[in-house]
Amino acid sequence: MLRLDDQKLLDDGNTASRVQTGADKTQTITAQWRHSKDPIGITGEFRQQKTSAPVTSVLLEEDTQQFVAAKVDYKLSKQLSVFGETQFTVSGDPDNQQFSLGANATLNKKLTGTIKGTFGELGHSAMLGVTSKINDRSSIYTSYQMTEDKSGKKTFSTVFGESKHINAKTRIYREERFSGRRGAEDDLYGGLFGADYALNEKWALVASYERSQIDTDTTESSNDAFAIGATFISHPRVKDPSRIEGYSKLTLRGEFRSEDGAVERTSMLTANKLFYQINPDISLMAKAYYSKTDNDTTDTKEAEFTEAGVGVAYRPIKHDRHNFLGKVTYQTDQSPPVQGDLATLLRKAIILSAESAMDLSERVQLIAKVAYKQQKEEVGAIGEMTSDTYLVAPRLSYQIKSNSKWFDQWLVGFEYRLKVVKLAEDKKGGLVLEFERELSQLLNFGFGYNSTDFTDELSVYDDDYSVKGFFIRLTAKY
């Protein structure tokens, strides 16, 4: 199973959503493998989560975390099964090794229950949950969870939720969450209501409203969020759209948030994506993001972010020795107003990138990636500064042929990366070694070692974080 999840928040979101996403922008790729033979099931999972804060916080840096997890479940009977889970961090902070034990029980035809205890380096937790299936269209659930962090502080949370299919086209759902900390005079309430509607076979609409409220011994604050979205798929019944001329997928989303407390803020966000298959060999991708946060208390604009991009992919089916990917991106990022002569108030960047692959023989492939970024910054008393950055990354890959299924079809890649920043008169370079294998038509898995301290991507954000060392990578293809 492969899953890609993109989430964005404005104005840090409300408390419930901040806990859920962990950053203003979070991208999570999950690959899962499962083998089951009664009464034992074994599941392995790799998860990569990339977080950044492009809209609201200049203090947070981009960060990539990678986790490996395993689960073993054993069915004691038709009504009862037990399981054990373990997780450890491959890269990124914080380091979070943890172990869980639990059980799932079918209490009757409509009622199921789950109990789970987790023990880890960052803290411990215990959870008890119950789900009741009212009928084929409706279900309700509740859970109670206690968590204790490393300092010994305990938090108690109770969740109530329900989901109901009104008809074949419409589903509504709601959830309420209550949280509090022992020894602290603060409470959190969160409520969510949403609906999904299938307009027809090609169009689907979604809408949701979320509210959270925090009460402490000194302050009270509340957050409201309303979101609406639409998805269009031109050929919904096609399993392999890459061969369908004219196939298109459009995703639209708009969101409005307001914060009422010591500081009042309003935020809006729109995120839109389009994929279009011109013919079986060529496809186009486009995206447009915009967000804005206003401080209503001071009547100032705190942050504004824009990103627009167009990409093209050339993957000939009959003569697949040559492949090409190209993309142009425009980004602007206005930071919250801060004092200081060296404070960066606005960033603008145009990024061009191209990647080409050519099969030199049945086993040898040459890949070349080049990228260019022109970035303009408005820095305090200095004024506007322009910087040009160049990136070159050639790679030579060799495919292993072996009678052993453990070694067959693996690719060994040797890559050299070079990045030049003209304004700083800085030049960096180094080698990357990677072992890669295709898991499916849409997913590649790889691991290796990066001797450089920068990635092979250019963006409007500074690459001031280290990626040097061992890595695991999942690459989704579309």
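Counting restarts for each chain, with residues numbered from 1 along the sequence as it is written. Totals for whole chains, interfaces and linings use all residues, but because this is a predicted model, local features are given only for residues with pLDDT of at least 70 and pairs of side-chain atoms are given and counted only at 80 or more. Think of the side-chain values as coming from all heavy atoms in the structure, minus any hydrogens and water.

Caption draft 1: Local environment of the pattern of salt bridges. The salt bridge definition used is simple: a Lys or Arg side-chain nitrogen within 4 Å of an Asp or Glu carboxyl oxygen. Inspection of every chain in the model, using the stated rule, returns 22 salt bridges. One salt bridge in this structure joins Arg395 and Glu434, with 2.8 Å as the shortest N-O distance. Taken together, the residues Arg395 in strand E22 (residues 383-399) and Glu434 in strand E24 (residues 426-440) connect sequence positions 39 residues apart. Residue exposure (1.4 Å probe, protein chains only): buried if accessible area is under 20% of the type maximum, exposed if over 50%, otherwise partly exposed. For Arg395, a relative accessible area of 8% translates into the label buried. One network of salt bridges, in which partners are shared, links Arg395, Glu415, Arg417 and Glu434. Runs of H or I in DSSP of at least four residues are treated as helices and runs of E of at least two as strands, each being numbered from the N terminus.

Caption draft 2: Local environment of a negative patch on the surface. On the surface, a cluster of negative charge is made up of Asp260, Glu264, Asp296 and Asp299. As for its placement among the helices and strands, Asp296 is situated in the loop between strand E17 (282-295) and strand E18 (300-314). Like charges are joined within 9 Å and nonpolar side chains (Val, Leu, Ile, Met, Phe, Trp, Tyr) within 5 Å, but only among residues with over 30% relative accessible area and no salt bridge; these make up the patches. Areas reported as accessible are Shrake-Rupley estimates using a 1.4 Å probe. Residue values count occlusion only from the protein chains shown. Charge convention: Lys and Arg are scored as positive, Asp and Glu as negative, and His as well as the terminal groups of each chain are ignored. Each charge is placed at NZ for Lys, CZ for Arg, CG for Asp and CD for Glu.

Caption draft 3: Region of interest: the pairing of strand E15 (residues 248-260). Strands were regarded as paired on the criterion that DSSP finds at least two bridges between them. The pairing of strand E14 (residues 220-233) with E15 spans 12 bridges and is classified as antiparallel. Paired with Ala230 across the strands is Leu252, a residue of E15. Between E15 and strand E16 (residues 265-277), which pair antiparallel in sequence order, lie 4 residues.

Caption draft 4: Seen up close, the side chain of Ser234. By the secondary structure assignment, Ser234 is in the loop between E14 and E15. The buried category is assigned to Ser234, whose relative accessible area is 11%. Polar contacts here mean pairs of N or O atoms no more than 3.5 Å apart (in protein, one a potential hydrogen donor and the other a potential acceptor; neighbouring residues in sequence count only if both atoms are side-chain atoms). Side-chain polar atoms of Ser234 contact the side chain of His235, separated by 2.7 Å. Only 2.8 Å separates the side chain of Ser234 from the backbone nitrogen of Ser248, close enough to count as a polar contact. Every residue pair with non-hydrogen atoms within 4.5 Å of one another is taken to be in contact. The residues touching Ser234, leaving out its near neighbours within four places in the chain, are Lys202, Gly246, Tyr247 and Ser248.

Caption draft 5: Representation of the packing of aromatic side chains in the model. Think of it this way: a Phe, Tyr or Trp ring, Trp meaning its six-membered ring, pairs with another when their centres are within 6.5 Å, and the plane angle makes it stacked under 30 degrees, edge-to-face over 60, tilted otherwise. By the definition in use, this model includes 10 aromatic pairs. Ring geometry for Tyr372 against Tyr390: centres 5.2 Å apart, planes inclined by 40 degrees, an arrangement best described as tilted. Residue Tyr372 is located in strand E21 (residues 364-379), and its partner Tyr390 is located in strand E22; the two are separated by 18 residues in the primary sequence. Assessed through its relative accessible area of 24%, Tyr372 is described here as partly exposed. Here a set of aromatic residues connected by ring pairs shows up, and it is made of Phe46, Trp410, Phe435, Phe445 and Phe447. In this analysis the charged atom, NZ for Lys or CZ for Arg, is taken to sit over a ring once it is within 6 Å of the ring centre and within 35 degrees of the ring normal. Here the guanidinium or amino end of Lys71 rests over the ring plane of Phe83, the centre of that ring lying 4.7 Å away.

Caption draft 6: Here's a closer look at the environment of Asp320. In this fold, Asp320 is placed in the loop between E18 and strand E19 (322-334). The spatial distance from the C-alpha of Asp320 to the C-alpha of Asp359 is 8.4 Å, given a sequence separation of 39 residues.

Caption draft 7: Looking closely at the environment of Lys369. Within the secondary structure, Lys369 sits in strand E21. Since its relative accessible area comes to 17%, Lys369 is described here as buried. Sequence separation between Lys369 and Leu391 is 22 residues; the distance between their C-alpha atoms is 7.9 Å. Contacts of Lys369, omitting those with residues within four sequence positions, involve Ala354, Glu355, Leu391, Val392, Ala393, Asp456 and Glu457.

Caption draft 8: Structural view of the confidence of the model for the chain. Of the residues in the chain, 84% have a pLDDT of 70 or more, and the chain-wide mean is 83. Confidence of the prediction at every residue is given by pLDDT, a number between 0 and 100. In this model, residues 8-24 is a region of pLDDT below 50 whose contacts with residues beyond four sequence positions or in other chains number 53 contacts. Throughout residues 53-61 the model reports pLDDT below 50, and contacts reaching past four residues in sequence, or to other chains, amount to 24 contacts.

Caption draft 9: Representation of unusual backbone geometry within the structure. Residue Pro39 is reached from Asp38 by a cis peptide bond, and omega for that bond is 10 degrees. As for its position among the elements, Pro39 is in the loop between strand E2 (25-37) and strand E3 (40-52). Within the chain, Asp299 stands out as a residue other than glycine whose phi angle is a positive 55 degrees. Here Asp299 lies in the loop between E17 and E18. Positioned with a positive phi, Gln409 is a non-glycine residue whose angle comes to about 75 degrees. Within the secondary structure, Gln409 sits in the loop between E22 and strand E23 (411-421).

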